[in-house]
Amino acid sequence: MVNFEGRVAIVTGAGGGLGREHALALAAKGAKVVINDLGGARDGSGGSATAAETVVAEIEAAGGEAIANAASVTDYDAVAAMVDQAMAKWGRVDILVNNAGVLRDKTFAKMELEDFRFVVDVHLMGAVNCTKAVWEIMRQQNYGRVVMTTSSSGLYGNFGQSNYGAAKMALVGLMQTLAIEGAKNDIRVNCLAPTAHTRMTEDLGAALPLDALGPELVTPGLLHLVSEQAPSRCILAAGAGGFERAYVTLTQGVRIVGADAPEQVAAQFDAISDRTDEIVPEMGAAQGMIELSKAQKAHSA
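Residues numbered from 1 in each chain as written. Predicted model: local features only at pLDDT ≥ 70, side-chain atom pairs only at ≥ 80, totals over all residues. Heavy atoms only, no water.

### Quick word on the overall build of the protein
Then, number 1: The secondary structure content of the protein amounts to 10 helices and eight strands.
Then, number 2: Over its C-alpha atoms the protein spans a radius of gyration of 21 Å, differing by no more than 12% from the 19 Å that the globule rule assigns to 301 residues.
Then, number 3: Residue burial in the protein is summarised as follows: out of 301 residues, 44% are buried.
Then, number 4: Sequence separation of 24 or more characterises 70% of the internal contacts of the protein that already satisfy a separation of 6 or more.
Then, number 5: In the protein, 24 positive and 34 negative side-chain charges are present, and the distance between their average locations comes to 5 Å. (Helix = DSSP H or I, 4+ residues; strand = E, 2+ residues; numbered from the N terminus. Rg over C-alpha atoms; globule rule 2.2 N^0.38 Å. Buried < 20%, exposed > 50% of the residue type's maximum accessible area, 1.4 Å probe, protein only. Contact = heavy atoms within 4.5 Å. Lys, Arg positive; Asp, Glu negative; His and termini not counted. Charge placed at Lys NZ, Arg CZ, Asp CG, Glu CD.)

### Some words on the sheet that holds strand β3 (residues 66-69)
Then, number 1: Across the sheet, which stays open at both edges, the eight strands sit in the order β3-β2-β1-β4-β5-β6-β7-β8 with mixed pairing between neighbours. Strand pairing shows two members of the sheet lacking a second neighbour, β3 and β8 (242-246), which therefore form its edges. The sheet shows a mean angle of 20 degrees between the axes of neighbouring strands, direction not considered.
Then, number 2: Relative to strand β4 (residues 95-98), strand β1 (residues 8-12) is paired through three bridges, and the arrangement is parallel. Counterpart to alanine 9 in the pairing with β4 is isoleucine 95.
Then, number 3: Sheet contacts for helix α1 (residues 17-28): β1, β2 (32-36), β4 and β6 (187-195); angle to β1, the most-contacted strand, approximately 170 degrees. (Pairing = 2+ DSSP bridges. Axes fitted to C-alpha atoms, helices over the stretch in contact; angles between N-to-C directions.)

### Examining the pairing of β8
Then, number 1: Pairing of strand β7 (residues 235-239) with β8, which is carried by five bridges, proceeds in the antiparallel orientation. Along β8, the bridge assignment pairs alanine 237 with glutamate 244.
Then, number 2: Linking β7 to β8, which pair antiparallel, is a turn of two residues; within it alanine 240 sits at a positive phi near 55 degrees.

### Some remarks on the nonpolar core
Then, number 1: One finds Ile10, Met148 and Val189 to be the most contacted residues of the largest nonpolar core, which totals 44 residues.
Then, number 2: Listed by contribution, the elements that provide at least two residues to this core are β1, α3 (76-90), α4 (113-141), β5 (144-149), α6 (162-182), β6 and β7.
Then, number 3: The biggest single contributor to this core is α4, with 12 residues.
Then, number 4: If sequence neighbours within four positions are ignored, valine 189 has contacts with Trp135, Val146, Met148, Met175, Leu178, Ala179, Ser232, Arg233 and Cys234.
Then, number 5: With 30 residues, the next largest nonpolar core counts Leu18, Ala25, Ala66 and Leu236 among its residues. (Core = buried A, V, L, I, M, F, W, Y, C linked by side-chain atoms within 4.5 Å.)

### A short note on α3
Then, number 1: The end-to-end C-alpha separation of α3 is 21 Å, in line with the 21 Å expected for 15 residues at 1.5 Å each.
Then, number 2: Those residues of α3 not exposed but buried are Val79, Ala80, Met82, Val83, Ala86 and Trp90. Buried residues along α3 cover an arc of 155 degrees about the axis, so they all sit on one side. Turned more than 90 degrees off the buried face of α3, the exposed positions are Asp77, Asp84 and Ala88.
Then, number 3: Close packing links the buried residues of α3 with β1, β2, β3 and α4.
Then, number 4: A distance of 3.2 Å separates the backbone nitrogen of aspartate 77 from a side-chain oxygen at the start of α3, and that oxygen is part of aspartate 75. (Expected span 1.5 Å × (residues − 1). Arc of directions from axis to C-beta. Polar contact = N/O pair within 3.5 Å; in protein donor to acceptor, adjacent residues only side chain to side chain.)

### Here we look at helix α10 (residues 285-300)
Then, number 1: Relative to the 22 Å expected for 16 residues at 1.5 Å per residue, α10 spans 22 Å between its end C-alpha atoms, a close match to the ideal helical length.
Then, number 2: Among all positions in α10, only Ala286, Ile290, Lys294 and Ala295 are buried.

### Overview of the packing of aromatic side chains
Where two aromatic rings form a pair, the distance of their centres and the angle of their planes describe that pair.
Then, number 1: Tallied over the full model, the rule gives one aromatic pair.
Then, number 2: Here arginine 7 stacks its cationic end above the ring of tyrosine 143, 3.7 Å away from the centre of that ring. (Phe/Tyr/Trp six-rings, centres within 6.5 Å; stacked < 30°, edge-to-face > 60°. Lys NZ or Arg CZ within 6 Å of the ring centre and 35° of its normal.)

This is a description of form; function is not addressed.
And the structure:
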């Protein structure tokens, strides 16, 4: 049984939608939870502690422990104060769920750079700020579980979401490196790519069977990613009760040199793209190792 007795969790963007479901489920399984939510509109404007306080009241009514926090994840000092609040009350932080997000969708041609920067600041730098604020605590504990909320819009693209997609894919890169760096201290870092009906997706309307996409159907995946048995460096996709894994892979490719190399890249692009024996690299250096291996084979032939 997944159990979080004695664990302390911080969930950002927990005033509604996915974050609320994650927080309620963690609390129901014994975790003490910091409910962080700026309480702003979907585009990040405004702010109120009411949303976070409402979720705290739900948890307490069910017999759990929680505290509310309305810090903006874009403000590192406010985030650090939130972590201090958790440490002062409970003495540790075991779990961080980076879930806070905003949308400012437009085609790239029509998007203002400020809207691009703001979405990246909330999704990417918000996760960086929160993770940095708990990282040393987790290192000293030799235990930590961190989840970045990515998206299929980042993994595969989505019309009108260049800012959101860029931020969400950046979180995958952040996860890959932090998982390597945190391994010796049992800090496991993963990504969750949800499909759920929340206020972030409400404009899609009839384009999705919204009644089948309750956010509570994603949360079981989140609970595994922050459990003692969690994997690390996983991109878990979840929605409508379905769970899948996404991978960043590398093909074996071919070696091409010489004066006509550009033409040969074009001519052999199908071979370069052939996914036979593709790999999931353990780290970025794998690419260079594969390329040098091809060169060594060519020189020894």
